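Coordinate analysis (summary)
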Amino acid sequence: MKEFVFILLITFAVFSSAAFLSYFCAVFFTKIAHRFNLLDYPAERKTHRNPTPFLGGIGIFLSFWATIFLSLLAAKIVSHRISIFQLVQSALPAIIYAVPKIFGIFIGGLIVLVVGFLDDKFNWTPLRKLLGQIFAALILMHLGFSISLFEGWGFFGYLVTF
């Protein structure tokens with residue numbers, strides 16, 4: 001019972017930090033966007049009626065990854081301090097194994113974030129944006145990521161999933 005309560009508290013702490021970081025980043029980056037005129041103004045092909053900040057994606061990206069890294073840190077701290085928790089001890093090798101892959105996803109996501117911001121700010125052509133996204137996907141492919149959703153679809157499945 002004691003272990004369950006402790007794990008519940010850790011889960012609540014991670015959730016609370018994610019909620020706080022998301023709110024803080026949304027407010028902070030909205031103010032920064034307005035201050036530096038990083039806004040998307042209404043136009044003929046736009047759906048919004050008021051200027052909209054470009055930096056929302058950066059706030060989401062930072063709060064998401066801060067939560068992931070804080071969770072990994074919490075798992076490592078808990079596993080070193082409290083050896084009686086079999087759940088944490090059994091999960092730690094999987095976490096350590098996953099860290100390089102998580103870092104690869106972080107780099108790929110960072111590239112997509114930068115490409116999206118530059119597209120918003122400078123109105124990139126679809127081809128330039130696609131090339132940036134392909135570059136991010138190639139990094140993930142290099143790290144061994146693949147999509148098996150279309151595995152049985154023959155050549156088309158290969159084209160979709162590389």
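Scroll up to find the structure.
Attention here is on the structure that accompanies the text. (Residues numbered from 1 in each chain as written. Predicted model: local features only at pLDDT ≥ 70, side-chain atom pairs only at ≥ 80, totals over all residues. Heavy atoms only, no water.)

1. Points about helix α1 (residues 2-35)
To be explicit about the condition: The way it works is that DSSP assigns letters per residue, a run of H or I at least four long becomes a helix, a run of E at least two long becomes a strand, and they are numbered from the N terminus. By definition here, a helix of n residues has an expected span of 1.5 Å times n minus one. Here's how the labels work: a residue is buried when its accessible area is under 20% of the maximum for its type, exposed when over 50%, partly exposed in between, all with a 1.4 Å probe on protein chains only.
For α1, built from 34 residues, the straight-helix expectation of 50 Å at 1.5 Å per residue is met to within 8% by its first-to-last C-alpha distance of 49 Å. The complete set of buried residues in α1 reads Ala18, Leu21, Cys25, Phe29 and Ala33. The first or second residue beyond α1 is Asn37, which carries a positive phi of 55°.

2. Here we look at unusual backbone geometry
If you check the backbone angles, Asn37 has positive phi at about 55° while not being a glycine. In this structure, Asn37 sits in the loop between α1 and β1 (39-40). Phi at Asn123 is positive, roughly 55°, even though this residue is not glycine. By the secondary structure assignment, Asn123 is in the loop between α3 (86-122) and α4 (126-142).

3. A word on the nonpolar core
Short version of the rule: Buried Ala, Val, Leu, Ile, Met, Phe, Trp, Tyr and Cys residues form a nonpolar core when they are joined through side-chain atoms within 4.5 Å. What makes two residues a contact is simply this: any of their non-hydrogen atoms within 4.5 Å.
With 7 residues, the main nonpolar core is built from Cys25, Phe29, Ala33, Leu38, Leu39, Phe54 and Leu55. Setting aside its immediate chain neighbours within four residues, Cys25 contacts Thr30, Gly59, Leu62 and Ser63.

Note that all results are geometric; they support no functional claim without further evidence.
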